[in-house]
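Report on the structure
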Amino acid sequence: MMRLDKFLADMALGSRKEVKKIIKKGNVKVNGKIITSDKFQVDEKCDLVFYKEEKINYQNEFYYLMNKPQGVITATTDNVDQTVMDLFQDSDYRLDLFPVGRLDKDTEGLLLITNDGPLAHHLLSPKHHVEKEYQATVSGIMSNKDVTAFFKGLTIDGDENCQPARLIIDSIDKDKEISSIRLILQEGKYHQVKRMVKAVGKEVLNLKRLRMGSLLLDENLDLGEYRELTKEEIAQLKSL
Ligand code: URA
């Protein structure tokens, strides 16, 4: 059970002050009755709450999958750059949403955005070994020697040890001296892919995240678009 004003504010109908006004005006019905008291107790699991003609379902955890474009930073606010949260429509935006893990400004691809702190923590903790898969175009020719080096665990910048990572060489353009690779990591150090590639003498030209655990980048999402996760996607992530 919870107060009606909290129920509506949690559902982003407005601030607590704004929803109190909405309730006073007689715009909210609970189980068919107009309720004008903001203290009215609702059962968020079974009561039918309507704002005007719109049914308001209670949900306290939100999960979005974004195809992050380049040029946008993975932060909730910034004074200079556009952030991934700026790409949200007003109707979906909530102050408590945050991106799970960071993609660089020039990295694109899968970004999970949620207000579920425990899930985010679980997905990011190196202890839980949740895989993050990246696709990269790299200058230089990746070799089997590199595959072995990644698999053994690289040391980057002299003293930082990486957990074993899987390097898959998808194609090599010998004329242009460019390789297309996939890299599967179980941790998320700062600039990790770029630093690992640099450690074997190559350079990342383009980077895209394809997967986080069971969650795949949705190819139907254009760059900058997002959608809610399906119930199945949420259940799979929670079971990792
Ligand atoms: N590794 C990087 O170097 N950059 C990213 O954005 C993600 C992983």
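Here the structure is shown first, and the text comes after it.
A few points on the structure. (Residues numbered from 1 in each chain as written. Predicted model: local features only at pLDDT ≥ 70, side-chain atom pairs only at ≥ 80, totals over all residues. Heavy atoms only, no water.)

Examining the pattern of salt bridges
For the coordinates displayed, the defined rule picks out 22 salt bridges. Where Lys-189 meets Glu-160, a salt bridge forms, and the shortest distance between an N and an O atom there is 3.9 Å. Here Lys-189 is found in the loop between strand S14 (178-185) and helix H5 (192-199), whereas its partner Glu-160 is found in strand S12 (residues 160-161), with 29 residues between them in sequence. Its relative accessible area of 28% is what places Glu-160 among the partly exposed residues. Overlapping salt bridges, with partners in common, bring together Arg-3, Asp-5, Arg-16, Lys-20 and Asp-38 in one network. (Salt bridge = Lys/Arg side-chain N within 4 Å of Asp/Glu carboxyl O. Helix = DSSP H or I, 4+ residues; strand = E, 2+ residues; numbered from the N terminus. Buried < 20%, exposed > 50% of the residue type's maximum accessible area, 1.4 Å probe, protein only.)

Structural notes on the site of the ligand
Taken together, Leu-103, Asp-104, Thr-107, Tyr-134, His-191, Gln-192, Val-193, Lys-194 and Leu-207 are the residues near the ligand. Note that an oxygen atom of the ligand is positioned 2.7 Å from one of the backbone N or O atoms of Asp-104. For the ligand, whose free accessible area comes to 240 Å², the fraction covered by protein is 96%. Among the elements that make up the shell around the ligand, the one with the highest residue count is H5 (3 residues). A class-by-class count of the residues in the shell around the ligand yields 4 nonpolar, 3 polar and 2 charged. (Near = heavy atom within 4 Å. Polar contact = N/O pair within 3.5 Å; in protein donor to acceptor, adjacent residues only side chain to side chain. Areas by Shrake-Rupley, 256 points an atom, 1.4 Å probe, with all protein chains shown as cover. Nonpolar A, V, L, I, M, F, W, Y, C, P; charged D, E, K, R; others polar.)

Focus on the sheet that holds strand S5 (residues 49-51)
Reading across the sheet, the 4 strands line up as S3-S2-S5-S6 and stay open at both edges, with antiparallel pairing between neighbours. Across the chains shown, the open sheet's two edge strands, defined by having one partner strand only, are strand S3 (33-34) and strand S6 (54-55). Note that strand S2 (residues 28-30) and S3 share 2 bridges and pair antiparallel. Residue pairing for S3: Lys-29 is matched across the bridge by Ile-34. (Pairing = 2+ DSSP bridges.)

Let's talk about H5
For H5, the complete set of buried residues consists of Gln-192, Val-193, Arg-195, Met-196 and Val-197. Within two residues after H5, Gly-201 carries a phi angle of roughly 80°, on the positive side.

Describing the pairing of strand S15 (residues 203-212)
The sheet contact formed by strand S9 (residues 107-114) and S15 spans 3 bridges and is parallel. Within S15, the position partnered with Glu-108 by the bridge is Lys-208. For strand S10 (residues 132-139) and S15, the ladder comprises 8 bridges, and the chain directions are antiparallel. Paired with Lys-132 across the bridge in S15 is Met-212.

Some points on unusual backbone geometry
Phi at Asn-31 is positive, roughly 50°, even though this residue is not glycine. Structurally, the position occupied by Asn-31 is in the loop between S2 and S3. In this structure, Asp-157 takes a positive phi of about 50° despite not being glycine. Judged by relative accessible area, Asp-157 falls into the exposed class, the value being 53%.

A closer look at the pairing of S9
The buried fraction of S9 amounts to 8 of the 8 residues, a majority that puts the element mostly inside the structure. Where strand S7 (residues 63-68) meets S9, 6 bridges bridge the pair, whose relative direction is antiparallel. Paired with Leu-65 across the bridge in S9 is Leu-112. Where strand S8 (residues 98-99) lies against S9, 2 bridges are found, and the strand directions are antiparallel. Residue pairing across strands places Phe-98 opposite Thr-114, the latter belonging to S9.

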